[in-house]
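Understanding the architecture of this molecule
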Amino acid sequence: MTLYPKLILDALATVRYPGNGKNLVEAEMVADNMRIDGMKVSFSITFDKPTDPFMKSVLKAAEAAIHAYVSPDVQVTVSAESRQAARPEPGKMLPGVKNVVAVSSGKGGVGKSTVAANLAVALVHLGYKVGLLDADIFGPSVPKMFRVEDARPYAERKDGRDLIIPIEKYGLKLLSIGFFVDSGQATLWRGGMASNALKQLVGDADWGDLDYFIIDTPPGTSDIHLTLLQTLAITGAVIVSTPQQVALADARKGVDMYRNEKVNVPILGLVENMAWFTPVELPENKYYIFGKGGCAALAGELGVPLLGQIPLVQGICESGDAGEPVALDTGSVTGRAFLQLAAAVVRQVDRRNVELAPTHIVEVKK
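The shown structure was predicted, so the numbers you read here are calculated from the model rather than taken from an experiment. Positions within a chain are numbered from 1, following the residues in the order the chain's sequence is written. Only residues with pLDDT of at least 70 are given local features in this predicted model, and only at 80 or more are side-chain atom pairs given and counted; all residues enter the totals for whole chains, interfaces and linings. To get the side-chain values, take all heavy atoms of the structure and skip hydrogens and water.

Here we look at the overall build of the protein
Defined as follows: Helix and strand assignments follow DSSP, with helices taken as H or I runs no shorter than four residues and strands as E runs no shorter than two, numbered in order from the N terminus. Relative accessibility under 20% of the residue-type maximum defines a buried residue, over 50% an exposed one, and the middle range a partly exposed one, all with a 1.4 Å probe and only protein chains included. What makes two residues a contact is simply this: any of their non-hydrogen atoms within 4.5 Å. Every accessible area reported is derived by Shrake-Rupley at a probe size of 1.4 Å, with residue values counting cover from the shown protein chains alone. Charged-residue counts in this description rest on Lys and Arg as positive and Asp and Glu as negative, His and the chain ends being excluded. In this description, the location of a charge corresponds to atom NZ of lysine, CZ of arginine, CG of aspartate or CD of glutamate.
Along the backbone of the protein there are 10 helices and 13 strands. Counting across all 366 residues of the protein, residues that qualify as buried make up 51%. Of the contacts formed within the protein by residues at least 6 apart in sequence, a portion of 74% connects residues at least 24 apart. For the protein, the exposed area adds up to about 17900 Å²; of that, 51% sits on carbon and sulfur atoms. Taken together, the 37 basic and 40 acidic charged side chains of the protein have centroids lying 4 Å from each other.

Now the structure itself:
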């Protein structure tokens, strides 16, 4: 019996790829590297991604089809190729990023996303290259806060990979799961789906060279936090709280998560949000409606810096709803507070990088 390419291709045309229902030939998945030597044949099957879930079954089916439709005596060597180069391994996904800062809170409602967004804007004002990742998969707020709800990031081919291009606004690079889901519907995903989406936003995006990569994490402690810790070597964490005792108790839990011996992410410091209320018409007045000095006391107890105190003024909410972070107005009371916070974060990151070894990702034990 003499083997020739059409015999092999006709056999492979009986194998369907489960992802789209087309046969391997029709789907143009048979690479053009076929080699025939007597009763030996070798070729490759091309998949879109190296993590294709059907890869093993398709390779086995291709070999079985040749034995069934050509001859059981054919020695088949079939391998897999990928159109998409592999995603970098955890810990090496952001080679151009100097510092990764997680902005966290022990509970919701303390203004963590507001702090993260305005910290990022203030860092840009100080002259740094900054990216902001909205890692709150189930409650994304970055699209609204930057008035880019209708933005739809596209992908560009780079180094053999299709990379998501972050949205740029106010000199910031932005990505959020909110760009890819219907803003009017709840995101009903299991933990694994949310974690995979987060890995794509980190590892399958072209973040480029950044001085600071700010991550707006979900409130509390969850699978998303664990995914981040297993994916990125986080330089340090900023914990946001209000002066209320219930918020401070949860902030302590957030600190404990990062200080866990298996995590070991340095705490850069605490931020006291809604530290006091200042009416717009009475900018010198301070009303401590949530208590006074709670974060300062907790910072002293935990041995970490109090990075800043952000007053509660009507303009913060209005600016966030309008898609213009208040830190853009560097002449306002709150704008100056965020500039001071950004400067404090820079000092703490620089100090941390001098005094401490680089953070390692959390290893997954199997």
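A closer look at the sheet that holds strand β1 (residues 35-37)
Note: strands within a sheet are paired through backbone hydrogen bonds, in either parallel or antiparallel orientation. As a reminder, the rule being used: Only strands that DSSP links by at least two bridges are regarded as paired with each other. A fitted line through C-alpha atoms serves as each axis, taken over the contacting stretch for helices, and the angle formed by two N-to-C directions is quoted from 0 to 180°.
Reading across from one edge, β1-β2-β3 is the order of the 3 strands in this open sheet, with mixed pairing throughout. Strands with a single pairing partner mark the edges of an open sheet, and in this sheet they are β1 and β3 (75-82). For this sheet the average axis-to-axis angle between neighbouring strands, irrespective of direction, equals 20°. Pairing of strand β2 (residues 40-47) with β3, which is carried by 8 bridges, proceeds in the parallel orientation. Of the residues in β3, the one forming a bridge with phenylalanine 47 is serine 82. Across the face of the sheet, helix α2 (residues 55-69) comes into contact with β2 and β3 while running at roughly 150° to β3.

Focus on the sheet that holds strand β4 (residues 97-104)
Taken together, 8 strands build an open sheet; the order of strands is β8-β9-β5-β10-β4-β11-β12-β13 and the sheet is mixed. Edge strands, defined here as strands with exactly one partner in the open sheet, are β8 (167-169) and β13 (306-312). Pairs of neighbouring strands in the sheet enclose a mean axial angle of 25°, with direction left out of account. Packed on one face of the sheet, helix α3 (residues 112-125) meets β4, β5 (130-134), β9 (172-176), β10 (210-216), β11 (236-241) and β12 (267-277) and runs near 170° to β10.

What about the packing of α3 against helix α10 (residues 333-355)?
Our working definition: Should an angle fall under 35 degrees it is called roughly parallel, over 145 degrees roughly antiparallel, and 65 to 115 degrees roughly perpendicular, with every other angle called oblique. In this classification, the charged set is Asp, Glu, Lys and Arg, the nonpolar set is Ala, Val, Leu, Ile, Met, Phe, Trp, Tyr, Cys and Pro, and all remaining amino acids, among them Gly, are polar.
Put simply, α3 and α10 touch, their axes get as near as 8 Å, and they point 80° apart. Accordingly, the angle class assigned to the pair α3 and α10 is roughly perpendicular. Facing Thr114, Val115, Asn118, Leu119, Ala122, Leu123 and His125 of α3, the residues of α10 in contact are Phe338, Leu339, Leu341, Ala342, Val345 and Val346. Looking at the contact of α3 with α10 residue by residue, the class counts come to 10 nonpolar, 3 polar and no charged.

Some remarks on the nonpolar core
As a reminder, the rule being used: Put simply, buried Ala, Val, Leu, Ile, Met, Phe, Trp, Tyr and Cys residues joined by side-chain atoms within 4.5 Å make one nonpolar core.
Membership of the largest hydrophobic core comes to 86 residues, with the highest contact counts inside it found for Phe146, Phe213 and Ile214. For this core, the element with the highest residue contribution is α10, accounting for 9 residues. Not counting the four nearest positions on each side in its chain, isoleucine 214 is found in contact with Val101, Val103, Ala116, Leu119, Ala120, Leu123, Val130, Gly131, Leu132 and Leu133. One finds Ala11, Phe43, Phe47 and Val78 within the second-largest nonpolar core, a separate group that totals 25 residues.

Digging into the packing of aromatic side chains
Put simply, the rule is: Pairing of aromatic side chains here covers Phe, Tyr and the six-membered ring of Trp, requires ring centres within 6.5 Å, and sorts the geometry by plane angle: under 30 degrees stacked, over 60 edge-to-face, intermediate tilted. Should the NZ of a Lys or the CZ of an Arg lie within 6 Å of a ring centre and within 35 degrees of the ring normal, that charge is described as sitting over the ring.
All chains considered together, the criterion is met by 7 aromatic pairs. Plain terms: the ring middles of tryptophan 276 and tyrosine 288 are 6.1 Å apart, the flat faces sit at 65° to each other, and that makes the pair edge-to-face. Pair noted here: tryptophan 276 is in strand β12 and tyrosine 288 is in the loop between β12 and α8 (294-302), with a separation of 12 residues, a long-range link. Residue class for tyrosine 288 comes out partly exposed when judged on its relative accessible area of 33%. Ring geometry for phenylalanine 277 versus tyrosine 287: centroids 6.5 Å apart, planes at 40°, classification tilted. Of this pair, phenylalanine 277 sits in strand β12 while tyrosine 287 sits in the loop between β12 and α8; the two residues are 10 residues apart in sequence, bridging distant segments of the chain. Phenylalanine 277 gets classed as partly exposed once you look at its relative accessible area, which sits at 31%. Over the ring of tryptophan 276 we find lysine 286; its NZ or CZ atom is 4.1 Å from the centre of that ring.

Some words on unusual backbone geometry
Positioned with a positive phi, glutamate 28 is a non-glycine residue whose angle comes to about 55°. Inspection of the secondary structure puts glutamate 28 in the loop between α1 (5-12) and β1. Given the relative accessible area of 64%, glutamate 28 is considered exposed. Positive phi is not limited to glycine here, since tyrosine 170 has a value of about 55°. When its relative accessible area of 26% is taken as the criterion, tyrosine 170 is described as partly exposed.

Things to note about the pairing of β5
Residues in a regular strand project their side chains so that they alternate between the two faces of the sheet. Counted residue by residue, β5 has 5 buried out of 5 residues, so it is predominantly covered. The side-chain alternation of β5 yields two buried faces, one formed by Val130, Leu132 and Asp134 and the other by Gly131 and Leu133. Of the pairings in the sheet, the one linking β5 to β9 comprises 5 bridges and is parallel in character. Bridge pairing in β9 places glycine 131 opposite lysine 173. Strand direction decides the pairing type here: β5 and β10, joined by 5 bridges, are parallel. Opposite valine 130, over in β10, you have tyrosine 212 as the bridge partner.

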